[in-house]
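# Results of the structural survey
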Amino acid sequence: MLLRIEQLDVLYGRNHAVKAMSLDLDAGEIVTVLGANGAGKSSLLKAIQGTVPLARGRVLFKGANISRWSAARRVGNGLVMVPEGRQIFIGMTVHENLLLGAYTRRDDTAAEIDAIYERFPNLAQRRDLPASVLSGGEQQMLAVARALVARPAVMMLDEPSLGLSPILVKQLFELIVDLNRSGLAILLVEQNTNMALAVAHRGYVLELGRTVMQGTPAELSSDEQLAAAYLGQA
Ligand SMILES: Nc1ncnc2c1ncn2[C@@H]1O[C@H](COP(=O)(O)OP(=O)(O)OP(=O)(O)O)[C@@H](O)[C@H]1O
Ligand SMILES: [Mg+2]
């Protein structure tokens, strides 16, 4: 198992945002975490990334207990997150944003960045322009591209399709599938349930911090309660 979450709790004061969450992500998988606003999806990813503390539970990555590692050490070892709302630096150039993705790497990242420009010609054309000139979709691609510079084994994406037009959503999901086929394991938080279940191998549904259901896309889609609550709203 590449990434294993065991009995994880996240607390913000009295607010119990994640309760006894367990989750597995195997090499080669896309696993999706679904749930309504406030269900605890972002808190879960932040706890895995190490930017909010675990109140209880463990995070295992490549067999090691990384629960006490800093976020930077996790990134350096290949556990990378694309946060909600992209969080690229719009005053910096596209190229400078990509270089930030290399902050945990001591070796030369030029080859990676060249490969990224080949994959994302829109970014290559704008490499010396401020990221503010990019469209919303291009900014999301830049956020993903920046995460790729860290050479991840696992990429966590927090609602990457939010605010994108249908065409860009389609392109983004094609990119997710493509990255997965080239060996990247992906933990995908989405409110676009239909798209997420179309690409995922397995999924978990969170409600008020708890897992209420897990299974294959077929199993999740055939559940009437889940369908009523989350499906068809894409
Ligand atoms: N920094 C914080 N301090 C206090 N409470 C927080 C904090 N961040 C999140 N929460 C609370 O924790 C709960 C889970 O929030 P979280 O952002 O993880 O949910 P989410 O599933 O990502 O929601 P959304 O779909 O809106 O992004 C909510 O009740 C939220 O108000
Ligand atoms: Mg969130």
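Look up: the structure comes first, before these words.
Here's a quick rundown of the structure. (Residues numbered from 1 in each chain as written. Chains lettered and ligands numbered in written order. Predicted model: local features only at pLDDT ≥ 70, side-chain atom pairs only at ≥ 80, totals over all residues. Heavy atoms only, no water.)

## Digging into the pattern of salt bridges
Our working rule: The term salt bridge refers to a side-chain nitrogen of Lys or Arg lying within 4 Å of a carboxyl oxygen of Asp or Glu. Secondary structure elements are defined from DSSP: runs of H or I of at least 4 residues count as helices, runs of E of at least 2 residues count as strands, and each element is numbered from the N terminus.
All told, the structure shown has ten salt bridges when counted by the stated rule. The partner of Lys41 in a salt bridge is Glu159, and the shortest N-O contact between them spans 4.0 Å. Remark: Glu159 occurs in the loop between β7 (154–158) and α7 (166–181) and Lys41 occurs in helix α1 (residues 41–49); sequence separation between them is 118 residues. Note that Arg151 and Glu112 form a salt bridge whose closest N and O atoms lie 3.7 Å from each other. Of the two residues, Arg151 sits in the loop between α6 (136–149) and β7 while Glu112 sits in helix α4 (residues 110–119), which places them 39 residues apart along the sequence.

## With respect to the coordination of the magnesium ion (ligand 2)
Metal coordination angles have textbook ideals: 109.5 degrees for a tetrahedral set of four donors and 90 or 180 degrees for an octahedral set of six. We count it as follows: Each metal site is built from N, O and S donor atoms within 2.8 Å (3.2 Å for Na, K and Ca), and since water is not included, such sites may look incomplete.
Those protein atoms acting as donors to the magnesium ion (ligand 2) are Ser42 (OG) and Glu84 (OE), and they sit at 2.0 to 2.8 Å. In this pair, Ser42 sits in helix α1 while Glu84 sits in the loop between β6 (79–82) and α3 (94–100), placing the two residues 42 residues apart along the sequence.

## A few points about the packing of α6 against α7
In plain terms, the rule: Between N-to-C directions, angles span 0 to 180 degrees; the directions come from axes that are lines fitted to C-alpha atoms, helices contributing only their stretch in contact. Working rule for angles: under 35 degrees goes down as roughly parallel, over 145 as roughly antiparallel, 65 to 115 as roughly perpendicular, anything else as oblique. Here a crossing is called left-handed whenever its near helix is offset anticlockwise from the far helix by less than a right angle, and right-handed whenever the offset is clockwise. By the convention used here, residues are in contact when the closest approach between their heavy atoms is within 4.5 Å. Just so you know the grouping, Ala, Val, Leu, Ile, Met, Phe, Trp, Tyr, Cys and Pro go in nonpolar, Asp, Glu, Lys and Arg go in charged, and all remaining residues, Gly too, go in polar.
One way to put it is that α6 packs onto α7 with a least axis distance of 10 Å and a crossing angle of 15 degrees. Accordingly, the angle class assigned to the pair α6 and α7 is roughly parallel. In this structure, the crossing between α6 and α7 has a hand that is right-handed. Only Leu168, Gln171, Leu172, Leu175 and Leu179 of α7 make contact with α6, whose side of the interface consists of Gly137, Gln140, Met141, Val144 and Leu148. Classifying every residue of the contact of α6 with α7 gives seven nonpolar, three polar and no charged.

## A closer look at the site of ligand 1
Stated precisely, the cut-off is as follows: Each residue is tested against the molecule or strand, and it is near if at least one of its non-hydrogen atoms lies within 4 Å. In the analysis that follows, any N or O atom pair within 3.5 Å is treated as a polar contact, provided that within protein one partner can donate a hydrogen and the other can accept it, and provided that, for residues neighboring in sequence, both atoms belong to side chains. Values of accessible area rely on a 1.4 Å probe in the Shrake-Rupley scheme; residue burial ignores everything except the protein chains shown.
What surrounds ligand 1 is a group of 14 residues, the closest being Gly38, Lys41, Ser42, Ser43 and Gln191. Ser43 places a side-chain nitrogen or oxygen 2.5 Å from an oxygen atom of ligand 1. Interatomic distance of 3.2 Å between a side-chain N/O atom of Glu159 and an oxygen atom of ligand 1. Protein contacts shield 63% of the accessible area of ligand 1, which totals 640 Å² for the unbound molecule. Those elements that place two or more of their residues in the shell around ligand 1 are β2 (15–25) and α1. Broken down by element, the shell around ligand 1 gets its largest block of residues, three residues, from α1. Considered class by class, the residues forming the shell around ligand 1 number four nonpolar, seven polar and three charged.

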